[in-house]
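Below, each chain spelled out in residue letters.
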Amino acid sequence: MNPQLILIGAPGSGKGTQAKNLIDNMGYKHVSTGDLLRSEIAKESELGLKVKSILADGNLVDNDTVLELLNANCELDGFSYIFDGYPRNLEQAEALDSHVLKGANSIAVYFDIDLEILIERIVNRRTAPKSGEIYNLVTRPPKVEGKCDVSGEDLVHRKDDNEDTVRNRMNIFKDNVDPVLAYYESLGRLKRVDAKASAPEVYELIEKIIDIK
Ligand code: ADP
Ligand code: AMP
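Computed from a predicted model, the values in this text were never measured in an experiment.

Calculation criteria
Residues numbered from 1 in each chain as written. Chains lettered and ligands numbered in written order. Predicted model: local features only at pLDDT ≥ 70, side-chain atom pairs only at ≥ 80, totals over all residues. Heavy atoms only, no water. Near = heavy atom within 4 Å. Polar contact = N/O pair within 3.5 Å; in protein donor to acceptor, adjacent residues only side chain to side chain. Areas by Shrake-Rupley, 256 points an atom, 1.4 Å probe, with all protein chains shown as cover. Axes fitted to C-alpha atoms, helices over the stretch in contact; angles between N-to-C directions. Helix = DSSP H or I, 4+ residues; strand = E, 2+ residues; numbered from the N terminus. Parallel < 35°, antiparallel > 145°, perpendicular 65-115°, else oblique. Contact = heavy atoms within 4.5 Å. Nonpolar A, V, L, I, M, F, W, Y, C, P; charged D, E, K, R; others polar. Phe/Tyr/Trp six-rings, centres within 6.5 Å; stacked < 30°, edge-to-face > 60°. Buried < 20%, exposed > 50% of the residue type's maximum accessible area, 1.4 Å probe, protein only. Pairing = 2+ DSSP bridges.

Taken together, 16 residues sit near ligand 2, with Thr33, Arg38, Asn59, Arg88 and Gln92 positioned nearest. A distance of 3.1 Å separates a nitrogen atom of ligand 2 from a polar atom in the backbone of valine 61. Interatomic distance of 2.9 Å between a backbone N/O atom of glycine 85 and a nitrogen atom of ligand 2. Summarising the interface, the protein chains cover 96% of the accessible area of ligand 2, which totals 480 Å² for the free molecule.

Written out as structure tokens, the structure reads:
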């Protein structure tokens, strides 16, 4: 069984893109706390209404709420998962170990990249929620403007993918990431990939990490 994979990286560093490839090619299941929160907002559930403005401003939802949502949406039970967007701070990293992984074999992969490059990536991101495809108007444009190549659905420009919100999200990332990396490093569970390489190159690096384990 492949190890549980914890993807850590700034917004736009390529976690979702690699998760999609790993799901399609290696049978991983995917849990993205950002996707789960956006889906609650779309449903206008009580939780969705509570977190809507937090996501719009690019701030973090409180740890207890996100852990509860995560736990309700992943059941390890013989499956290999990709954790995307969780953990985002040390308390979440500890909670992932004690409440979700509970000793399961896991690796944290850090998407290492200069944050300035990411603004351009993010403002040009377009997503297809049903197929899970992720486009970029500059580096991976869809064949037909505004439509997914795979499903034909309308592409979405996330509300929080604007420059102001992105800068706030980057600052929050910078403020929280070091203790998370130190945590996994101290446990011998941290691997780093050069996330400015092309998406296929990053995929190869991750494949190697999984094969070694
Ligand atoms: P994250 O999930 O970490 O926020 P995404 O996977 O959604 O990041 O990628 C953000 C944007 O950058 C998307 O538009 C995607 O197409 C593009 N992208 C992803 N990986 C790469 C890469 N290695 N090189 C260039 N652009 C990339
Ligand atoms: P993402 O899709 O990972 O870019 O996340 C989008 C937004 O969802 C973030 O800017 C936060 O507002 C919220 N969010 C996602 N994951 C978490 C988390 N682990 N902890 C707190 N907030 C989160």
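Okay, the packing of helix H2 (residues 33–43) against helix H4 (residues 63–72) next. The geometry of H2 relative to H4 is characterised by a closest axis approach of 10 Å and an angle of 95° between their N-to-C directions. Judged on the interaxial angle alone, H4 and H2 are roughly perpendicular. From H2, Thr33, Leu36, Leu37 and Glu40 reach across to H4, where they touch Val66, Leu69 and Leu70. Here the residues of the contact of H2 with H4 are counted per class, giving five nonpolar, one polar and one charged.

To continue, consider the packing of aromatic side chains. Applying the stated criterion to the full structure yields two aromatic pairs. Plain terms: the ring middles of tyrosine 81 and phenylalanine 83 are 6.0 Å apart, the flat faces sit at 35° to each other, and that makes the pair tilted. By relative accessible area, which is 7% here, tyrosine 81 ends up buried. The exposure class of phenylalanine 83 is buried, given its relative accessible area of 0%.

Reading across from one edge, S2-S3-S1-S4-S7 is the order of the five strands in this open sheet, with parallel pairing throughout. Each edge of the open sheet carries a strand with a single partner, namely strand S2 (29–32) and strand S7 (190–194). The average undirected angle you get between the axes of adjacent strands in this sheet is 25°. The pairing of strand S4 (residues 106–112) with S7 spans five bridges and is classified as parallel. Bridging from a neighbouring strand, aspartate 112 pairs with aspartate 194 of S7.

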